[in-house]
Structures are given as C-alpha cells and as structure tokens.
Amino acid sequence: MQRREVPEFTLPFCACDGNISCRWGMGHQMMLFLGDGKTRYLGGQSDIAVTLDEPAQVHNVCWQTDMHHPATRKLAAQSHKIFISLQRHTSDPTDGTKKTHLVKFSRRYRVAMMECIEDLRKAVSDMASEDDNQENFESMCQLFQQLELIWNLCEILYVETLPGGVVLQHLLDWVKLHFTEADTLAARVLQDYERGDVDVGEDYWSAVFIYVLQGRLSEARHLLTIHPDTQQDVHGVYGKVDELMRRMPVFSSHSRQSLAEFDLKWKHWQEQCQQFLREGIFVSYPRLETICKILSGKEDIFDELQDIVGDWYQIMVTKLLYTNPMVKTVELQYHAKSCMDTFQGGRRLLALDQILLAALEYDVTQIIKISSETLSNWWFVAHLADLLHHAGQLETHQLDCGTTMREFLLLEYASTLMAKESLWQIVVEYLDHCPVLGRHYLELFIEKIPIQSEKKANKVLKVCEERNLEEQAQSICKVMGMRSLQEDMLGSALTWCLQSKVASFATYLAEKLLTDYCMKGSFSNLDLIDNLGSSMLVSDRLTFLAKYRDFHRLYENGEFIEAGELLLNLLEARLAPKQFMLMLLGDALPLLELDVVVFSSRQTSQLMMFKQNLLKWYQSEEYVREIQPTKSMGDIELEKEKIELLQLGLSRNLSRALLEESARR
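Basis of the calculations
- Residues numbered from 1 in each chain as written.
- Predicted model: local features only at pLDDT ≥ 70, side-chain atom pairs only at ≥ 80, totals over all residues.
- Heavy atoms only, no water.
- Helix = DSSP H or I, 4+ residues; strand = E, 2+ residues; numbered from the N terminus.
- Buried < 20%, exposed > 50% of the residue type's maximum accessible area, 1.4 Å probe, protein only.
- Phe/Tyr/Trp six-rings, centres within 6.5 Å; stacked < 30°, edge-to-face > 60°.
- Salt bridge = Lys/Arg side-chain N within 4 Å of Asp/Glu carboxyl O.
- Core = buried A, V, L, I, M, F, W, Y, C linked by side-chain atoms within 4.5 Å.
- Contact = heavy atoms within 4.5 Å.
- Disulfide = S-S within 2.5 Å.
- Axes fitted to C-alpha atoms, helices over the stretch in contact; angles between N-to-C directions.
- Parallel < 35°, antiparallel > 145°, perpendicular 65-115°, else oblique.
- Nonpolar A, V, L, I, M, F, W, Y, C, P; charged D, E, K, R; others polar.

**Description of the environment of Trp 378**
Inspection of the secondary structure puts Trp 378 in helix H18 (residues 378-390). The class of Trp 378 is buried, set by a relative accessible area of 11%. A C-alpha to C-alpha distance of 7.8 Å links Trp 378 and Thr 416, two positions 38 residues apart in sequence.

Laid out in structure tokens, this is it:
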C-alpha cells in the first residue's frame, strides 16, 4: 500500500542543549519551544523567576494545510454552502425526488472542484519559474484533478439513476471529460488545416484513434473529412468507414427503444464491421483497417493501441463499448480486473488505481480507507462520505472511536480548518452535523477562538447562544470584561460582566465603581448604572450600587423622605462593603441638616446603632491589621472628624424628632 508521505523539516533553533516542548494549538497546529515548559526560579528563592537574556523562540507548526491557500479556501467556502444545503434538503422526509437532488448536489461539488483547479492553474502561471511554491501548487492541481475523476466515477456508480442498470454511456462521458489528449492533438491539426497545411502524421492519426476508442465518432469523422485522400477516395474506403461510424447504434435513456431492440441493432451493426474485415476491404489502408478493427471489437487491436489509450480504466471503457455495450454496473468489477491483469503488466498499483478499482467493486469502505491513507486531503473523503451517506451507500456502524465513519471524517476535516482563523464559522457548522462528538469538539474549539474585537466576540457569543453553550459564552464575556478592565474601561467591563452573569466579577467591578465614586465624589457610567434593571441581582454589591445610585437620584429630585428610607434600607441590608459604611453614614448628614425632619426618632436611633457598629469595626483586629496600615494620618483624622460631625448631627436630629413627635401627640 502506498501511504501518504510524512513531511520532514528542521526547526531553526539556534541551540538545543535541553528539551523541546510543545503545546497544542487549534486543530492541526502545534507550538514548539526549547525547554520543558516549566517556570524556573532562582536558587533558594521560589518567588523570583529566572528571566532570559533573549526572548524565547516559539515555532508554529501546522500540517494538512491544503485548504488554507486562497484558491482552496474558496473551495472550502463553496463546499460548505453545498454541504449545509444538502443537510437541510435531505432532512425532509416527504421529498420523493431525493435521488435527483443528490445528483445535483454532487455536480455542484464537482463544479467547485473544477473552479479550484482553474484557480490553482492560474496561480501557477502567475508565479515566477524559480518560485519555491510552484511545484507544490502543481502537485495540488494534479491532486484535485484526480479527486474530481474519482468523485465523478462515484457519482455515476452510487448516485446516478441508471436505466436498466446500463452504465456505459455515463462511463463514456466520464472518459471524455477527464482525458482530453485527443482534443489537444485535434486542435493542433485543425489549426494547420485552417492555414492550408494539413499534416496527417502521427498526431493526426493518434487523435482519430483516441476519438474512436472513446466513442467520440462524430469528432473522428470530422477529422477524416480533412484528410487529402478523402477527396480522391477512388475505392470509397473512407466513405465506408464514415458510414460504419455514422450508423453505430448508441443506447440512450431518452430513446424509446428497449434494451433488447438496441442489442439486436448493435449486433447487426458489428457483424457488418466484421464482414468488411473478412472481405479485406481495408487491407491497403492500414489506418482505416485499424479503425474497423476497433469497431469490430478485436482484442488484439487494443493491445496494439495501449500506448495511445492510456490507463487500464480507459481501456476497460473502450473494450466495453465495442464488445459489451449492455454491461451492467454489477459486472464492471470483473471487466476491471481483466483489464488490469492484461494492461497493468505486473506494475505496482498506484493509489488512484486502487481507489478506482474499489469503486468499480462497490467497496465504499475501501474507497474511503485508501483515500484517507494516501491523499493529503480530508476535504475529499469527508464530503464524499457525506454524499454517499445520504445516498444510502455508506455503512452506518460505529467505529472504535464511537462515531460513524461519516462523522469521523467530518471531524477530521473540520480539524484541518481550525488552524485558519478566518474559517472558524465554517468549522462550527460542520461540527453541528456531527451528532456524537460534534458538541464536545465545538465546546473545546469555541474556547480557543482568538477574539481581537468586540464585533467578533459578539459573533462568537451568538453562536454560543444558538447552541446553548452557556459555559463558553460566560468565559468569552469574562475575557472581554477583563480586557476592558485592563484598558480602564469600567463601563464596557461591566457590560460584559452582566452578560457573563459571574457574581464574583460583578462584585469586583461594583467595588471598583464605588471606590471610583469615593475618590471623585461622583459616579461614572451613569447611563449604565441607571439602567441595570434586573441585572443588578447578579451580585449583592451590584444591587447595592444600583440602589445607592437610586438614593442619590431621589436626593437630587428633592424626595428626601424616600431617600432617607432607602438609605436606612441599604444600611440594614448590609450589602455595602465595610470600608464604605462611613461614606454611607456620611450621606445622612445633609438629610439631618434639612429644615424638615427626615428621620424619626426610631430611625435616628438605628443610625446611631450603625455608627456604633462602625466604631467597633474600627477597633477590630481585621481593621487594625489589614486596613489601617494602608491609610495616611490625614485620612484617619478626616474619618474621626466625619464621625464627630455625624454624632453631632444625629444628636440634634434625635432632639428635633422627639419634639416633633411629642407635639403631634
């Protein structure tokens, strides 16, 4: 078995005294670097890391990158649309024209492949002759030509609807499409003919013979008409050959004749060809005799023309055309083996030969196996397996990895696309159609998608929301929130935090906003805080922040009684950080100094109790050991002054409240 070649390359490390370590990237991607990947510390000091004199080299190693070139990326995009359309179409159980539509989808895949081949050819022609990539592109072009050849044969055998099982006409179209040497030779001859110089040498007769061997008799007859001897056909031999080719019966699904009627006409026609040979009409014209031998299906003539025909599968189609035009698909494997034994000459079978033989033997599993082992392209096997799956030609048993063959191949193909950042959305939709492991792959893939902008983050979040990937969506929002926080964009960070619904992160941001308020004396990002709505319930700190903002709004609007009640509720709820309690109690001072009594005697007593609790906390071990050392003497004196003013204000308000309450009674 000819296996896929394993590429080898040398890493350009300056020196490699130690180990080489790696980290997996996206899909078929690996990051290589010197060392064992562990942080090294100075001797005896576990908290001081060793720094390198020069930055470490990290090598990004990718493999199976056939679909990363612009021409093949176009194929990836086109085939992705066809794939998704195919999944949606075949999911309709009421569709009675499934076979016809599958043929259309198959042909769309082939059109995409042919466009890719043309793009690769153009890329090669645009390259300088010394370009190192030219050979690589030429091999890619050749590879896709082989893939299209295999796909077309599989389409004929497994997807097409063949009337009566007769397959020959489709095989002739297959040969005509993919083996065009005769067209090249004929074009050269016809150009000379238009200039008045007809060269009937080897190129001319090779073109005629190949046309006849491929069953393209109209083209062969046209070439014969420009031969100089045709104008002076004294014995009428050119006319007889032309008449034989013109009258050759051709079975078509569109004709109304039955198989039996066609078989009778064909046998009668070939008997006439053989009669001409027996009569020796073309003995003096060896080239025309060769044509008549082909039409008569003489075995020896195929051996003689083997050099101009090409491979065994072309010979097989030719022999079937002139010996067994009614051949059925189930019989092809026997004719294929016979032609291989005769024309392969004991030579080692190439991967293409093995795949085509497996197709003719109706061994789909072998087609997939050989293609996977020998072709450096998961695109082909993944999409072909999917098409054959929908056509009911692919076994659905599970592999050792727990998935079907179709899903395994789709996962492998998706993995080759992961390393190309621009193809991430295509990867997601392929994984969507892998029922067993697709979601697991998707969860891991989403977490590794590089997100450089909020626009892309929102796109990835939409993917997560549509597929209920809550953990991944939360992770993305946390990353974007932290990025905004590092850029000192508290409002943006809070927006991402609210989407992530992570309580610890929300608490941290709320405290940052409160600290910012303490320093500046005013709120930043008011629009966001004013419209938190039910999102404030993500964390207690965020709830406090929203309610504290409501308190300020009530105060600014002159609703002092309501503001006082809300302030007491906030103190009773104990939602505020302890460090913020003095600020919260200080907000009561303006209310205590108003002409109207805002706090009743009972409420004033509550405020006094909160003040006493604050004083106790100031004397606690937690405050003395952790908080007090971070404050300057000026801050400590300012706090004492605020507490004294608060005590005075509370005492005065208590007297006023008691007098007012007694007056009411």
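Having seen the structure, we can now continue with the description.
**Describing the packing of aromatic side chains**
For the coordinates displayed, the defined rule picks out 18 aromatic pairs. For the pair Tyr 204 and Trp 205, a centre-to-centre distance of 5.1 Å together with 85 degrees between the ring planes defines the contact as edge-to-face. With respect to burial, Tyr 204 and Trp 205 carry one shared label: buried. With a centroid separation of 5.2 Å and 80 degrees between ring planes, the pair formed by Trp 312 and Tyr 313 is classed as edge-to-face. Taking the relative accessible area as the measure of exposure, Trp 312 reaches 2% and is therefore buried. You can call Tyr 313 buried: its relative accessible area is 3%. Taken together through their ring pairs, the aromatic side chains of Tyr 109, Trp 151, Trp 379 and Phe 380 make up a single cluster.

**A look at unusual backbone geometry**
The phi angle at Tyr 362 is positive, at roughly 60 degrees, despite the residue not being glycine. Structurally, Tyr 362 can be placed in the loop between helix H16 (351-360) and helix H17 (364-374). On the accessibility criterion, Tyr 362 (32% relative accessible area) is partly exposed.

**A word on the pattern of salt bridges**
Under the defined criterion, the tally for this structure stands at 28 salt bridges. Glu 243 is the salt-bridge partner of Arg 246, the closest N and O atoms lying 2.5 Å from each other. Remark: Glu 243 and Arg 246 occur in helix H9 (residues 237-246); sequence separation between them is three residues, near one turn of the helix. The class of Arg 246 is partly exposed, set by a relative accessible area of 47%. One salt bridge connects Arg 625 with Glu 621, and the closest N-O pair in it is separated by 2.9 Å. You can see Arg 625 and its partner Glu 621 sitting in helix H32 (residues 621-627), four residues apart, about one turn around the helix. Judged by relative accessible area, which is 49%, Arg 625 ranks as partly exposed. Linked by salt bridges that have partners in common, Arg 107, Arg 110, Glu 148, Glu 155 and Glu 160 make up one network.

**Some points on the nonpolar core**
With 154 residues, the main nonpolar core has Trp 174, Val 212, Leu 224, Ile 291, Leu 295, Tyr 322 and Ile 446 as its most contacted residues. Broken down by element, the residue count for this core peaks at 15 residues, all from helix H3 (residues 134-159). If we ignore the near neighbours within four places in the chain, the residues touching Trp 174 are Leu 149, Asn 152, Leu 153, Ile 156, Tyr 313, Val 317 and Leu 356. In this structure, Cys 497, Leu 542, Leu 570 and Leu 646 belong to the second largest nonpolar core, which totals 54 residues.

**Quick word on H16**
In terms of residue burial, H16 counts as a mostly covered element, since 10 of its 10 residues are buried. Here the buried face of H16 lies against H3, helix H4 (168-178), helix H14 (312-323), helix H15 (332-343) and H17. Positive phi appears at Tyr 362, one or two residues downstream of H16, with a value of about 60 degrees.

**Some points on the state of the cysteines**
Summed over all chains, the structure comprises zero disulfides. There is no disulfide at Cys 116, and the cysteine sulfur nearest it, in Cys 141, is 8.2 Å away. Exposure remark for Cys 116: the relative accessible area of 2% places this residue in the buried category.

**A closer look at the packing of helix H22 (residues 454-466) against helix H24 (residues 490-500)**
Viewed as axis vectors pointing N to C, H22 and H24 meet at an angle of 5 degrees, and their least axial separation amounts to 13 Å. By the criterion of interaxial angle, the relationship of H22 to H24 is roughly parallel. Here Glu 454, Ala 457, Asn 458 and Leu 461 of H22 lie close against H24, whose contacting residues are Ser 492, Trp 496 and Gln 499. A breakdown of the residues in the contact of H22 with H24 according to their chemical character gives three nonpolar, three polar and one charged.

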